[in-house]
Amino acid sequence: MPDQNNNYVIIIDEINRGNISKIFGELITLVEEDKRWGEFNQMSAVLPFGDKFAVPNNLYIIGTMNSADKSISLIDAALRRRFDFMEMAPDSELIEDSGLKGVMVSLNQYLRKELRSTDLLIGHSYFIGRDISRLGEIMNRNIIPLLYEYFYDDEAKVRKALECIGGTGFEIDSQVLGRICIKKKENE
């Protein structure tokens, strides 16, 4: 508060996973934009040990949320009244390798259509700083397990989603007895 010439930021990762009433308690009202110290409706609270507490208007709170986790969506409504929300969609422009970029775009088009939602799209972080030679690793270790979850172990839908690897030099490994995985084509 004494340093009004500078802005300060607090980042709370996956804020919706926490118990908001335990994290903020009665002070949650103080983080509302118009209730911050220096605003028109500024408020403060007296803490149990007697000190006065307020949230200055030069403090920004950023809370990240994973909208794919539907078990915590009720907290979303309580937070929605007090905070602005901004969707951070997958950004294919951050992927340098054109083959990986194509896989992500194609896969996300299928997921959006099949699941009728943008909450379960595959993020760009799986592909950043990698090249197509690592596609098998990326898909087998990270993305295919997600697809099985998304489609409740419906292998036909997982197989359909994996059409995104067409033209990459990878194919579904027909020798695997367990869950689907992909491998580099032998003739390439």
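Now for a quick tour of the structure.

What counts as what
- Residues numbered from 1 in each chain as written.
- Predicted model: local features only at pLDDT ≥ 70, side-chain atom pairs only at ≥ 80, totals over all residues.
- Heavy atoms only, no water.
- Helix = DSSP H or I, 4+ residues; strand = E, 2+ residues; numbered from the N terminus.
- Buried < 20%, exposed > 50% of the residue type's maximum accessible area, 1.4 Å probe, protein only.
- Axes fitted to C-alpha atoms, helices over the stretch in contact; angles between N-to-C directions.
- Parallel < 35°, antiparallel > 145°, perpendicular 65-115°, else oblique.
- Contact = heavy atoms within 4.5 Å.
- Nonpolar A, V, L, I, M, F, W, Y, C, P; charged D, E, K, R; others polar.
- Polar contact = N/O pair within 3.5 Å; in protein donor to acceptor, adjacent residues only side chain to side chain.

It is worth spelling out the environment of Val 105 at this point. Mapped onto the elements of the fold, Val 105 is located in helix H3 (residues 98-115). Val 105 sits in the partly exposed class, given a relative accessible area of 31%. Expressed as a C-alpha distance, the spacing of Val 105 and Tyr 8, which sit 97 residues apart in the sequence, is 36 Å.

Okay, the packing of H3 against helix H4 (residues 135-150) next. It is at 13 Å that the axes of H3 and H4 come closest, and there the two elements cross at 5°. One way to sum up the angle between H3 and H4 is to call them roughly parallel. Facing Leu 100, Val 103, Leu 107, Leu 111 and Leu 115 of H3, the residues of H4 in contact are Leu 135, Ile 138, Met 139, Ile 143, Leu 147 and Tyr 150. Here the contact of H3 with H4 is composed, by residue class, of 11 nonpolar, no polar and no charged.

The next thing to look at is unusual backbone geometry. Although it is not a glycine, Arg 116 adopts a positive phi angle of roughly 55°. Among the secondary structure elements, Arg 116 is positioned in the loop between H3 and H4.

With respect to the helices and strands, the residue Thr 168 is situated in the loop between helix H5 (155-161) and strand S5 (170-172). A relative accessible area of 14% means that Thr 168 is categorised as buried. In this structure the side chain of Thr 168 is engaged in a polar contact, spanning 2.5 Å, whose partner is the backbone oxygen of Ile 165. Discounting residues that sit within four places of it in the chain, Thr 168 has contacts with Val 103, Ile 132 and Leu 135.

What is shown is where atoms sit, not what they do.
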